[in-house]
Amino acid sequence: MRKSLKAVAAGAACLVAGAALYGAGAATAGQSTANSTHEPYNIGVLVKDIDTYYGTTAGADGVYQASPDSPYAQDLARIDADARRYIDKAARKAHHRGEKPAVVFDIDDTLLLSLDYEKRYNYTYNSATWADYVNKADRPAVFGSPELVRYAESKGVEVFYNSGLSEAQRAAAVENLKKVGADVNLDAGHMFLKDKANPPAYLKDCATPGTWTCTTVQYKSGTRAHIEDDLGYEIIANFGDQYSDLEGGHADRTYKLPNPTYFVS
């Protein structure tokens, strides 16, 4: 379930890797908050903190983008550097053992940035507006993500995608990933999307044709189990912007990318 910023304002600031967003919240200059109240983090202040974190700017075309000099970009650069070192080492070990190493990437806000959608709709979610936005296939890349995808491939690591996007959004996802330079293994055998009408057999415990009860963790961990157990790969790293992208095992290491704009349980 995707929850908007308004639904998680009290906790969203704590979800950002390496960013101290909460520090400005309880009391700012000229503002006093009684310690005895249970008042949550002020949503107006939180939005300002998020804009500062992303270095949010609107281009001449009115599209909101993150700044390459922002704390967000700096956090991503640190994660990217660590991931590259790890992938290089883990891939060599896996190949030495005769294993087939793989990495798994979420798509939304792991590879493709949705900041413009969040700003444009005031951090709320609507399935129709979201579908229209995805289908435009013009989201910018999350900083460093296409390069990391290609880096993994260059090390002999198989690249897979494990996304909450629907099967109906496959063409748009492929087109958008190609635009940003993440043109690696974009076929149906490597990109796993939700198909609620005809779910795969490996999700039979929570999904049958026409009936879908899988949580995000069940869906994503079940897909990773399929990659390992059925396809024969060893997932050395799993990347996602939500904890639900990463929970459930079937990955040697997980990387949580920062995203303070929404929460998927």
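Structure shown above.
Residues numbered from 1 in each chain as written. Predicted model: local features only at pLDDT ≥ 70, side-chain atom pairs only at ≥ 80, totals over all residues. Heavy atoms only, no water.

## Section: the pattern of salt bridges
A side chain of one charge can pair with a side chain of the opposite charge if their charged atoms are brought near each other.
Now for step 1: Going through the model one piece at a time under the given rule, you end up with 14 salt bridges.
Now for step 2: In this structure, the salt-bridge partner of aspartate 80 is arginine 84, at a minimum N-O distance of 2.9 Å. Here the residue aspartate 80 and the residue arginine 84 both occupy positions in helix 3 (residues 71-96), the gap between them amounting to four residues, near one helical turn.
Now for step 3: Between arginine 85 and aspartate 82 there is a salt bridge, with the nearest N and O atoms lying 3.9 Å from each other. With a gap of three residues between them, arginine 85 and aspartate 82 both fall in helix 3, about one helical turn apart.
Now for step 4: Look at arginine 85 and you get exposed, because its relative accessible area is 55%.
Now for step 5: Each of Asp82, Arg85 and Arg253 takes part in a single network of salt bridges with overlapping partners. (Salt bridge = Lys/Arg side-chain N within 4 Å of Asp/Glu carboxyl O. Helix = DSSP H or I, 4+ residues; strand = E, 2+ residues; numbered from the N terminus. Buried < 20%, exposed > 50% of the residue type's maximum accessible area, 1.4 Å probe, protein only.)

## Points about helix 8 (residues 216-230)
Now for step 1: With 15 residues, helix 8 extends 20 Å from end C-alpha to end C-alpha; this agrees with the ideal 21 Å at 1.5 Å per step.
Now for step 2: Counting buried positions along helix 8 gives 11 out of 15 residues, so the element sits mostly inside the fold.
Now for step 3: Along helix 8, the residues classified as buried are Thr216, Tyr219, Lys220, Ser221, Gly222, Thr223, Arg224, Ala225, His226, Ile227 and Glu228.
Now for step 4: On the buried face of helix 8, the contacting elements are strand 4 (101-105), strand 5 (158-166), strand 6 (191-194), strand 8 (211-212), strand 9 (234-240) and strand 11 (263-264).
Now for step 5: Looking one or two residues beyond helix 8, the residue adopting positive phi is glycine 232, at roughly 85°. (Expected span 1.5 Å × (residues − 1). Contact = heavy atoms within 4.5 Å.)

## Some words on the packing of helix 3 against helix 6 (residues 145-154)
Now for step 1: Where helix 3 meets helix 6, the axes come as close as 10 Å, and the angle between the chain directions of the two elements is 10°. The orientation of helix 3 relative to helix 6 falls into the category roughly parallel. Contacts from Asp80, Ala83, Arg84, Ile87 and Asp88 of helix 3 reach helix 6 at Glu147, Leu148, Tyr151 and Ala152.
Now for step 2: Split into classes, the residues belonging to the contact of helix 3 with helix 6 amount to five nonpolar, no polar and four charged. (Axes fitted to C-alpha atoms, helices over the stretch in contact; angles between N-to-C directions. Parallel < 35°, antiparallel > 145°, perpendicular 65-115°, else oblique. Nonpolar A, V, L, I, M, F, W, Y, C, P; charged D, E, K, R; others polar.)

## Brief notes about the sheet that holds strand 5
Now for step 1: Pairing in this open sheet of five strands is parallel, and the strands run 6-5-4-9-10 from one edge to the other. Of all the strands in the sheet, just strand 6 and strand 10 (254-256) have a single pairing partner and so form its edges. Here the average twist between neighbouring strands, direction ignored, is 15°.
Now for step 2: Along the sheet face, helix 7 (residues 170-180) touches strand 5 and strand 6 and points at about 140° away from the line of strand 6. (Pairing = 2+ DSSP bridges.)

## Quick word on unusual backbone geometry
Now for step 1: Phi is positive for tyrosine 123, which is not a glycine, with a value near 60°.
Now for step 2: Within the secondary structure, tyrosine 123 sits in the loop between helix 4 (115-120) and helix 5 (127-135).

## Observations regarding the packing of aromatic side chains
Now for step 1: Counting across every chain of the model gives 14 aromatic pairs.
Now for step 2: Aromatic side chains tyrosine 54 and tyrosine 72 sit 4.5 Å apart centroid to centroid with 50° between the ring planes, which places their arrangement in the tilted category. Linking tyrosine 54 in helix 2 (residues 43-54) with tyrosine 72 in helix 3, this pair joins segments that are 18 residues apart in sequence. Here the two residues tyrosine 54 and tyrosine 72 agree in accessibility, since each one is buried.
Now for step 3: With 4.8 Å between their ring centres and 40° between their planes, tyrosine 117 and tyrosine 121 make a pair best called tilted.
Now for step 4: Judged by relative accessible area, tyrosine 117 falls into the buried class, the value being 1%.
Now for step 5: The class for tyrosine 121 is partly exposed, based on a relative accessible area of 34%.
Now for step 6: Feature note: the residues Tyr53, Tyr54, Tyr72 and Phe143 constitute an aromatic cluster, connected by ring pairs.
Now for step 7: A cation over an aromatic ring shows up here: lysine 119 above the ring of tyrosine 64, its NZ or CZ 5.5 Å from the ring centre.
Now for step 8: One Lys or Arg, lysine 256, reaches over the ring of tyrosine 243 and ends 5.1 Å from the middle of that ring. (Phe/Tyr/Trp six-rings, centres within 6.5 Å; stacked < 30°, edge-to-face > 60°. Lys NZ or Arg CZ within 6 Å of the ring centre and 35° of its normal.)

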